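Structural overview
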Amino acid sequence: MGYKNSMDLLPADLIQQIQKYVDGETIYIPRAECNRKKWGENSNVWRALNRRNLEIYNKYQSGVRVQQISQEYHISVQGIYKILSKFKT
């Protein structure tokens, strides 16, 4: 996230109104709800994690022990159980 100078973006009268509340302070203006993106949407990290989690589930279903999966993926045993619980219906 980069910072932008409000003087380059906003009309002077709006800046004066904002200055009444936050003169010289740094503020964060969140995205509008319709413009928000889900976590990992830009980088597609969520796809990689979903693939990994499906691999973990398939290994568990084929009989691989949780402890072994935990060591292979460098995830705690509790983390593996959490991943597996998301596949239960």
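The model shown is predicted, which means the values in this text are computed figures rather than measured ones.

**Description of the nonpolar core**
In terms of nonpolar packing, the biggest core is built from eight residues, these being I56, V66, I69, Y73, I75, I80, I83 and L84. When residues of this core are traced back to their parent elements, those giving at least two are α4 (66-73) and α5 (77-85).

**A closer look at the pattern of salt bridges**
Counted according to the given criterion, the structure contains two salt bridges. The salt bridge partner of E33 is R36, with a shortest N-O separation of 3.3 Å. Of the residues examined, E33 reaches a relative accessible area of 60% and is grouped as exposed. A salt bridge links K59 to E72, with the nearest nitrogen and oxygen atoms 2.3 Å apart. Of the two residues, K59 is situated in helix α3 (residues 45-61) and E72 in helix α4; the sequence distance between them amounts to 13 residues. Using a relative accessible area of 24% as the deciding quantity, one classes K59 as partly exposed. According to the relative accessible area criterion, E72 is partly exposed, its value standing at 40%.

Definitions and limits used
- Residues numbered from 1 in each chain as written.
- Predicted model: local features only at pLDDT ≥ 70, side-chain atom pairs only at ≥ 80, totals over all residues.
- Heavy atoms only, no water.
- Core = buried A, V, L, I, M, F, W, Y, C linked by side-chain atoms within 4.5 Å.
- Buried < 20%, exposed > 50% of the residue type's maximum accessible area, 1.4 Å probe, protein only.
- Helix = DSSP H or I, 4+ residues; strand = E, 2+ residues; numbered from the N terminus.
- Salt bridge = Lys/Arg side-chain N within 4 Å of Asp/Glu carboxyl O.

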